[in-house]
Amino acid sequence: MMKIDQNAVRELLSHSDAEVWQTIRQIAGSKGFRLPEKTPDPAQMQKLRATLGDPSGIRLGDAIRIVNEYRKEERKS
């Protein structure tokens, strides 16, 4: 199980949506995943921020679901 540095998460969440999304893209890219370049809309970013900031820990399934919803919407436009 991957241990998440909560201080690093708090620091990340203090940044703009665009900066948070670029960091998420960089991390995903380092693991072989490709995410759209365009920052998700504010509602989707709020969901991601809530998932990342959950004090009980990041629920990977929730984060994947949110990103997949965004990817589907991006393909439609």
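Here the structure is a predicted model, which is why all the values come from computation and not from measurement.

Participant: Would you take a moment to explain the side chain of arginine 49 for this structure?
Facilitator: By the secondary structure assignment, arginine 49 is in helix α3 (residues 42-53). Setting aside residues up to four positions removed in sequence, arginine 49 forms contacts with Leu13, His15, Ser16, Asp17 and Val20.

Participant: Whenever I open this one, the confidence of the model for the protein confuses me. Can you help?
Facilitator: Detailed reading of the predicted model is not advised wherever pLDDT is low. In the predicted model, the protein carries a mean pLDDT of 84, and 88% of its residues have values of at least 70. Ranking the helices and strands of the protein by mean pLDDT puts helix α2 (residues 17-30) first, with 92, and helix α4 (residues 60-76) last, with 77.

Participant: Just to check I follow, could you spell out the pattern of salt bridges for this structure?
Facilitator: Pairs can form between side chains of opposite charge once their charged atoms are near each other. Tallied over the entire structure, the rule returns 2 salt bridges. One salt bridge connects arginine 49 with aspartate 17, and the closest N-O pair in it is separated by 2.8 Å. Of this pair, arginine 49 sits in helix α3 while aspartate 17 sits in helix α2, and the two are 32 residues apart along the sequence. Residue arginine 49 is classed as buried on the basis of its relative accessible area, which comes to 15%. What makes aspartate 17 partly exposed here is its relative accessible area of 26%. Across the salt bridge formed by lysine 47 and glutamate 69, the nearest N and O atoms sit 3.6 Å from each other.

Participant: I keep staring at the nonpolar core and nothing clicks. Help me out?
Facilitator: Nonpolar side chains tend toward joint burial in soluble globular proteins. Membership of the largest hydrophobic core comes to 13 residues, with the highest contact counts inside it found for Val20, Trp21, Ile24, Leu35, Met45, Leu48 and Leu52. For this core, the secondary structure elements donating two or more residues are α1 (6-13), α2, α3 and α4. For this core, the element with the highest residue contribution is α2, accounting for 4 residues.

Rules of the game
- Residues numbered from 1 in each chain as written.
- Predicted model: local features only at pLDDT ≥ 70, side-chain atom pairs only at ≥ 80, totals over all residues.
- Heavy atoms only, no water.
- Helix = DSSP H or I, 4+ residues; strand = E, 2+ residues; numbered from the N terminus.
- Contact = heavy atoms within 4.5 Å.
- pLDDT = per-residue confidence, 0-100.
- Salt bridge = Lys/Arg side-chain N within 4 Å of Asp/Glu carboxyl O.
- Buried < 20%, exposed > 50% of the residue type's maximum accessible area, 1.4 Å probe, protein only.
- Core = buried A, V, L, I, M, F, W, Y, C linked by side-chain atoms within 4.5 Å.

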